[in-house]
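Summary of structural features
Here's the letter readout for the chains.
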Amino acid sequence: AGLVRYEAEKATISQGTVATNHTGYSGTGFVDYTNVAGSYVQWSVTAPAAGTATLTFRVANGTTANRPMDIAVNGTVVAAGVAFNPTASWDTWQDVTVTVPVTAGTNTVRATATTANGGPNVDYLSIR
Ligand code: GCU
């Protein structure tokens, strides 16, 4: 199956805002997580079959500290405390890849910040 991109600014956002104040994003913006634990973006993604999928988060973290997030699929955390490490600047976007279980059809993917710094800036999620 091919790679499908889901823009963060079109997803469900809790405690975050759509922003455009840094360069290099795709689509019409990116999500700036509010600097609190529990802020999240949730996408609905389609998988052709049950099994494992590779999720790629396109992110920027212009600080010097990791901004870990829990990755949940269909309401269950399947990857806890995934590292979203510094990317050198807020204009520098990098991929963080996680392999997760999915069901056939529609799945929810939620990326929740676990520290008071919130998450990195998130441009999109792609799934393969
Ligand atoms: C800066 C930056 C934002 C970022 C924020 C943060 O304000 O411009 O894009 O989201 O820091 O620390 O989360």
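Residues numbered from 1 in each chain as written. Predicted model: local features only at pLDDT ≥ 70, side-chain atom pairs only at ≥ 80, totals over all residues. Heavy atoms only, no water.

Examining the overall build of the protein chain
Quick reminder of the rule: Secondary structure follows DSSP: runs of H or I at least 4 residues long count as helices, runs of E at least 2 residues long count as strands, and numbering of each begins at the N terminus. Radius of gyration means the value over C-alpha atoms here, while the globule rule gives 2.2 Å times the residue count to the 0.38 power. Only protein chains enter the accessibility calculation, which uses a 1.4 Å probe; a residue whose area is less than 20% of its type maximum is buried, one above 50% is exposed, and one in between is partly exposed. Whether two residues are in contact is decided by their heavy atoms, any of which lying within 4.5 Å being enough. Where accessible areas are quoted, they stem from the Shrake-Rupley method and a 1.4 Å probe; at the residue level, only the protein chains shown are allowed to cover.
Each helix and strand counted, the protein chain has 0 helices and 11 strands in total. Of the regular secondary structure in the protein chain, the N- to C-terminal order runs β-β-β-β-β-β-β-β-β-β-β. Taken against the 2.2 N^0.38 rule, which gives 14 Å for 128 residues, the C-alpha radius of gyration of the protein chain at 13 Å falls within 12% of a compact globule. Structurally, the protein chain occupies a C-alpha span of about 35 × 25 × 20 Å along its principal axes. Within the span of the protein chain, comprising 128 residues, buried residues form 44% of the whole. Across the protein chain, every contact between residues at least 6 apart in sequence was considered, and the portion connecting residues at least 24 apart equals 75%. In the form shown here, the protein chain has an accessible surface area of approximately 5800 Å², with 49% of it arising from carbon and sulfur atoms.

Describing the site of the ligand
What counts is decided by this rule: In these notes, residues near a molecule or strand are those with any non-hydrogen atom within 4 Å of it. Under the rule applied, a polar contact is a pair of N or O atoms within 3.5 Å (in protein, one hydrogen donor and one hydrogen acceptor; residues adjacent in sequence only if both atoms are side-chain atoms). Three classes are used: nonpolar for Ala, Val, Leu, Ile, Met, Phe, Trp, Tyr, Cys and Pro, charged for Asp, Glu, Lys and Arg, and polar for all others, with Gly counted as polar.
In the vicinity of the ligand, the residues found are Asn-21, His-22, Asp-32, Asn-35, Arg-67, Trp-90 and Asn-121. Contact between the ligand and Asn-35: an oxygen atom at 3.0 Å from a side-chain N or O atom of the residue. One of the side-chain N or O atoms of Arg-67 is found 2.8 Å from an oxygen atom in the ligand. Across the shell around the ligand, the residue classes tally to 1 nonpolar, 4 polar and 2 charged.

Quick notes on the packing of aromatic side chains
Put simply, the rule reads: To pair, rings of Phe, Tyr and Trp, with the six-membered ring standing in for Trp, must have centres within 6.5 Å; the planes then decide the type, stacked if under 30 degrees apart, edge-to-face if over 60, and tilted in the middle. For a lysine, the NZ atom is tested; for an arginine, the CZ atom; a charge sits over a ring if that atom is within 6 Å of the ring centre and within 35 degrees of the ring normal.
Enumeration according to the criterion identifies 4 aromatic pairs in this entry. Here the aromatic residues Tyr-25, Phe-30 and Trp-93 are joined through ring pairs into a cluster of three or more. One Lys or Arg, Arg-5, reaches over the ring of Tyr-124 and ends 3.9 Å from the middle of that ring. The residue whose ring lies beneath Arg-110 is Tyr-40, and the NZ or CZ to ring-centre distance is 3.7 Å.

Some thoughts on the confidence of the model for the protein chain
Rules: Every residue gets a pLDDT, meaning the predictor's confidence in that residue, from 0 to 100.
On average, residues of the protein chain score 97 in pLDDT, and 99% of them are at 70 or above. Per-element confidence in the protein chain is highest for strand S4 (residues 30-33), whose mean pLDDT is 99, and lowest for strand S1 (residues 4-7), whose mean pLDDT is 96.

Points about the nonpolar core
Threshold: Note on terminology: a nonpolar core comprises buried Ala, Val, Leu, Ile, Met, Phe, Trp, Tyr and Cys residues joined through side-chain atoms within 4.5 Å.
Core analysis: the biggest nonpolar cluster contains 29 residues, and Tyr-33, Trp-43, Leu-55, Phe-57, Ile-71, Phe-84 and Val-109 have the highest contact counts within it. If you list the elements that add at least two residues to this core, you get S4, strand S5 (40-47), strand S6 (51-60), strand S7 (69-73), strand S8 (76-82), strand S9 (94-102), strand S10 (105-113) and strand S11 (121-127). Not counting chain neighbours up to four residues away, the residues in contact with Ile-71 comprise Leu-55, Phe-57, Thr-76, Val-77, Val-78, Ala-79, Val-82, Phe-84, Val-109, Arg-110 and Ala-111.

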